[in-house]
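Report on the structure
Next come the chains, spelled out residue by residue.
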Amino acid sequence: MSTASLDRKTILDTDPWLEENVAAIIHRHDLFRNWKNKLEETEGGYDSFTQGYKKFGLNVLPDKSVVYREWAPNVKEAVLTGDFNEWSRDSHPMQRNEFGVWSITVPPTSDGKVAIPHDSKLKISMVTPSGERIERLPAWITRVTQDLSVSEVYDARFWNPPEEEKHKFKHAKPPQPRSVRIYEAHVGISTSEYRVGTYKEFTSYMLPRIKDLGYNTIQLMAIMEHAYYASFGYQVTSFFAASSRYGTPEDLKELVDTAHGMGITVLLDIVHSHACNNVLDGLNQFDGTDHQYFHEGSRGRHELWDSRLFNYGHHEVLRFLMSNLRYWIEEYQFDGFRFDGVTSMMYKHHGIGTGFSGGYNEYFGDTVDLEALVYLMLANDSMHELYPQCITIAEDVSGMPLLCIPVSKGGVGFDYRLSMAIPDMWIKLLKHKRDDEWDLSNIALVGDKTLAFWLMDKEMYTNMSDLTEYTPVIARGIALHKMIRLLVHSLGGEGYLNFEGNEFGHPEWLDFPREGNENSFHYARRQWNVVDDPLLRYRYLNEFDKAMNHLEDKYGWLAAPQAYVSLKNEVDKVIVYERAGLVFVFNFHPTNSFLDYRIGVQEPGEYHIALSSDEKRFGGFDNIDINSKFFTTPMEWNNRKNWTHVYVPSRTCIVLAKV
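First things first, this report covers the structure right here in the doc. What you see is a predicted model; the values in this text were computed from it and never measured. (Residues numbered from 1 in each chain as written. Predicted model: local features only at pLDDT ≥ 70, side-chain atom pairs only at ≥ 80, totals over all residues. Heavy atoms only, no water.)

**Here we look at the overall build of the protein chain**
Looking only at helices and strands, the protein chain features 14 helices and 29 strands. Its C-alpha radius of gyration of 27 Å places the protein chain within 12% of the 26 Å reference for a compact globule of 659 residues. In terms of overall dimensions, the protein chain has C-alpha extents of about 85 × 60 × 45 Å along its principal axes. Here the protein chain holds 659 residues, and the buried ones make up 57% of them. Total accessible area on the protein chain is roughly 26900 Å²; 50% of this is exposed by carbon and sulfur atoms. Computed over 68 positive and 91 negative side-chain charges, the inter-centroid distance for the protein chain is 2 Å. (Helix = DSSP H or I, 4+ residues; strand = E, 2+ residues; numbered from the N terminus. Rg over C-alpha atoms; globule rule 2.2 N^0.38 Å. Buried < 20%, exposed > 50% of the residue type's maximum accessible area, 1.4 Å probe, protein only. Areas by Shrake-Rupley, 256 points an atom, 1.4 Å probe, with all protein chains shown as cover. Lys, Arg positive; Asp, Glu negative; His and termini not counted. Charge placed at Lys NZ, Arg CZ, Asp CG, Glu CD.)

Structure (structure tokens):
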């Protein structure tokens, strides 16, 4: 059944300001429709097309034979070689079909067992038209390992553990959360020790910590196998392989399954914006050409990332990428994806040297990469059609219109956009402005030091103990750290994301082992010891983060309509807004406290304090009586129907809820 065309009214009902760009939006939707209809006609639709991993790569059949298929249109010979045949380049030749797909069936042993041993090494050996022999790791391989004592190049392994060693999923996926409170984590750095952390350690130690903090979603970074640890996972070599640095595929499945048992949704940081340019253990020049999976020439290379860029207009590339999405959902039970580098994908300039002012002319026209944009539409549409509960998040700094609108309405189809501009704004403020210079009107609209380090800097090394002086720098840092987090959480959008460690003001920065730091793990770990120490002040920030998340869980402000900001007082440095029936009051003034401060409140009645950053357990001074009651007066104030008086000390925030 063909996909319905898009009409002008549907677009303008979503955003009337798109009047001049309707033709461009309909054009890109037509391109999407053409692809979707083609896949329906030639492949049987999304369901069949996105199961490429069951056809390509190595698959064990019920009779214990192994079928291996690989798309390599340029080569004239192909052979499967490995430990199982003593690396023979002759014994297991592959056959080619008319589409450039090579295949071989390896029969079972005489006693009915799989002929390729579990976890044994293998490669595909090919001969190009020029006669050159090239050897590669299978593109769809699900397990690769690296032995740095031998070589930096990865080895492909045939992952087929005995039935009793395979992880059996026990827990159903949790329902899609009403509000997403995301804990962004990197398994490797989730240890205090000077080494790479493991999946099993994350399952045992991190999942309970995340659950206790009130996060309902985890976003895992650097899972897809990447050659260079310091790339933070963004130089992917094997797209179907879970990184072996942290353990086995079964260990990762156990992690996801355990999280589901705790009611936690798990998202994968998916990297389809580019690929590592490694040849021996990556996709680059897989069949001897530079244009198999990627565009040839400069269009196929990212000049800043030193990586290859996919040809999203090619049928087999779409199969590879869309099947990759389905693979992670089916095989590992991930609940959705954060798409990395979406800005780079959507524009031919990749966002390099480009500032986006918000003018709609910046998002349409010749600068847009329609092939990549259509791929994102296909990816979102297919995953949401096959898995209605699937969550997709776009990492985009451009502000592309309709990014988070369903494809059927002319959008790109994401559920959320990761707004990088908000954290960037705070870092700029803390770098360049004194507190009394902050522009509240800007605040309410919206590999560096951590937020806490910008606030407290070197005093984090000397004055974070309760046994030391509560210096002005530390008091300011702890106060603002809490306020900034709550303001972003409640005013920033429809979801909240925290990078692991920021919940307690993690000291120092993040830096992976590399030649420039003598391969040190000092900054490539999380210092859980400082938050778990009852004498250190980090626990105050951690407790506030926990209280903030649990309060959101109770009232659901992230899922509520956008806040109404009733006050942005530049002199008093006070912000007041309402959302989800709660009243948020922030006093950012560095010295002034306000007694009987009048604020507007829409709903009449009696209010109490649901959260106060001034509580002792949060590192405050207990100047605010949390048992206080607030009664509204039916008189308009700041465009609200009622008012009440509150006490807001300097650098504190309170949240009021109706009794």
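Text resumes after the structure shown.
**Here's the deal with unusual backbone geometry**
Look at His350: it is not a glycine, yet its phi comes out positive at around 60 degrees. Residue position: His350 is located in the loop between α7 (342–346) and α8 (370–386). Not every positive phi belongs to a glycine, and Leu402 is a case in point at roughly 70 degrees. With respect to the helices and strands, Leu402 occurs in the loop between β19 (391–395) and β20 (416–418). For Leu402, a relative accessible area of 8% gives the class buried.

**A short note on the pairing of strand β10 (residues 180–186)**
Counting buried positions over the 7 residues of β10 gives 7, a clear majority of the element. Residues Val180, Ile182, Glu184 and His186 line one face of β10 and the alternating positions Arg181, Tyr183 and Ala185 line the opposite face, and both faces are buried. Across 5 bridges, the pairing between β10 and strand β21 (residues 495–499) is parallel. Residue pairing for β21: Tyr183 is matched across the bridge by Asn498. Sheet analysis places β10 next to strand β11 (residues 217–221), joined by 5 bridges and oriented parallel. (Pairing = 2+ DSSP bridges.)

**Let's talk about the pairing of strand β1 (residues 57–60)**
Sheet topology note: the β1/strand β2 (residues 66–71) ladder contains 4 bridges and is antiparallel. Within the sheet, the bridge partner assigned to Asn59 lies in β2 and is Val67. The loop that links β1 with its antiparallel partner β2 comprises 5 residues; one of these, Lys64, has a positive phi angle of about 75 degrees.

**Concerning the sheet that holds strand β17 (residues 307–308)**
Two strands in a sheet stick together by hydrogen bonds in their backbones, pointing the same way (parallel) or opposite ways (antiparallel). Ordered by their spatial adjacency, 3 strands build an open sheet running β15-β17-β16, and the pairing between neighbours is antiparallel. The strands lining the two open edges of the sheet, one partner per strand, are β15 (275–276) and β16 (301–302). Two strands pair when backbone bridges link them, and β16 and β17 are joined in this way by 2 bridges, in the antiparallel orientation. Its bridge partner being in β17, His302 is matched across the sheet by Ser307.

**Digging into the nonpolar core**
With 171 residues, the main nonpolar core has Leu220, Leu252, Trp328 and Tyr375 as its most contacted residues. Considering every element that reaches this core, the biggest residue donor is helix α6 (residues 315–332), with 10 residues. Look past the residues within four positions of Trp328 in its chain and what remains in contact with it is Ile223, Met224, Phe239, Phe240, Ala241, Ala242, Leu252, Leu268, Ile270, Gln333, Phe334 and Phe337. Grouped together as the second largest cluster of nonpolar side chains are 17 residues, Leu567, Phe594, Tyr607 and Val646 included. (Core = buried A, V, L, I, M, F, W, Y, C linked by side-chain atoms within 4.5 Å. Contact = heavy atoms within 4.5 Å.)

**Regarding helix α5 (residues 249–261)**
Between its first and last C-alpha atoms α5 spans 19 Å; for 13 residues at 1.5 Å apiece the expected length is 18 Å, and the two agree. Along α5, 10 of the 13 residues are buried, which leaves the element largely enclosed by surrounding structure. Restricting attention to buried positions, one finds in α5 the residues Pro249, Glu250, Asp251, Leu252, Lys253, Leu255, Val256, Asp257, Ala259 and His260. (Expected span 1.5 Å × (residues − 1).)

**Considerations on the pattern of salt bridges**
A complete count under the given rule lists 38 salt bridges for this structure. Here Arg326 ties to Asp47 by a salt bridge, and the two come within 2.8 Å at their closest N and O atoms. Taken together, the positions of Arg326 in helix α6 and Asp47 in helix α3 (residues 46–49) put the pair 279 residues apart, joining distant regions of the chain. One continuous salt-bridge network, built from bridges that share partners, spans Lys36, Asp381 and Glu385. (Salt bridge = Lys/Arg side-chain N within 4 Å of Asp/Glu carboxyl O.)

**Considering helix α2 (residues 22–43)**
In this model α2 runs 31 Å from its N-terminal to its C-terminal C-alpha over 22 residues, within 8% of the 32 Å that 1.5 Å per residue would give. Along α2, the residues classified as buried are Val22, Ile25, Arg28, His29, Phe32, Arg33, Trp35, Lys36, Asn37, Leu39 and Glu43. For α2, the secondary structure elements touched by its buried residues are α1 (8–14), α3, α6 and α8. Gly44 occupies a position one or two residues after α2 and carries a positive phi of about 85 degrees.

**Overview of the packing of aromatic side chains**
By the definition in use, this model includes 40 aromatic pairs. Consider the rings of Tyr332 and Phe334, whose centres lie 6.5 Å apart with planes at 45 degrees: the pair is tilted. This pair shows no difference in class: Tyr332 is buried, exactly as Phe334 is. The ring of Trp643 has Arg598 lying over it, and the distance from NZ or CZ to the ring centre is 3.6 Å. (Phe/Tyr/Trp six-rings, centres within 6.5 Å; stacked < 30°, edge-to-face > 60°. Lys NZ or Arg CZ within 6 Å of the ring centre and 35° of its normal.)

**A word on the sheet that holds strand β27 (residues 629–631)**
Within the open sheet, the 6 strands sit side by side as β22-β23-β24-β29-β26-β27. Their pairing is antiparallel. Each having just a single partner strand, β22 (564–569) and β27 make up the two edges of the open sheet. Strand-to-strand twist of the sheet, defined as the mean angle between neighbouring strand axes without regard to direction, takes the value 25 degrees. Where strand β23 (residues 574–579) lies against strand β24 (residues 582–587), 6 bridges are found, and the strand directions are antiparallel. Considered in β24, the bridge of Ile575 is made with Phe586. Of the strands in this sheet, β24, β26 (606–612) and β29 (652–658) touch helix α14 (residues 538–555), which is tilted by about 140 degrees from β26. (Axes fitted to C-alpha atoms, helices over the stretch in contact; angles between N-to-C directions.)

**Comments concerning the side chain of Arg651**
Position of Arg651 among the secondary structure elements: in the loop between β28 (642–648) and β29. In terms of polar contacts, Arg651 uses its side chain to reach the side chain of Asp435, at 2.7 Å. When sequence neighbours within four positions are dropped, the list of residues in contact with Arg651 reads Asp435, Arg476, Ala479, Leu480, Met483, Asn587, Phe588, His589 and Pro590. (Polar contact = N/O pair within 3.5 Å; in protein donor to acceptor, adjacent residues only side chain to side chain.)

**Side note on the packing of α2 against α8**
In contact at an axis separation of 9 Å, α2 and α8 are set at 60 degrees when each is read in the N-to-C sense. In this view, α2 runs oblique relative to α8, as classed from their interaxial angle. In terms of crossing hand, the pair formed by α2 and α8 is right-handed. Across from His27, Arg28, His29, Leu31, Phe32, Trp35 and Lys36 in α2, the residues of α8 making contact are Leu370, Leu373, Val374, Met377, Leu378, Asp381 and Glu385. Grouping the amino acids of the contact of α2 with α8 by side-chain chemistry returns 8 nonpolar, 2 polar and 4 charged. (Parallel < 35°, antiparallel > 145°, perpendicular 65-115°, else oblique. Left-handed = near helix turned anticlockwise from the far one by under 90°. Nonpolar A, V, L, I, M, F, W, Y, C, P; charged D, E, K, R; others polar.)

**Quick word on the environment of Arg33**
The topology assignment puts Arg33 in helix α2. We classify Arg33 as buried; its relative accessible area is 18%. Sequence separation between Arg33 and Ser408 is 375 residues, and the spatial gap between their C-alpha atoms is 9.9 Å. In contact with Arg33, not counting residues within four places along its chain, are Thr3, Ala4 and Ser5.

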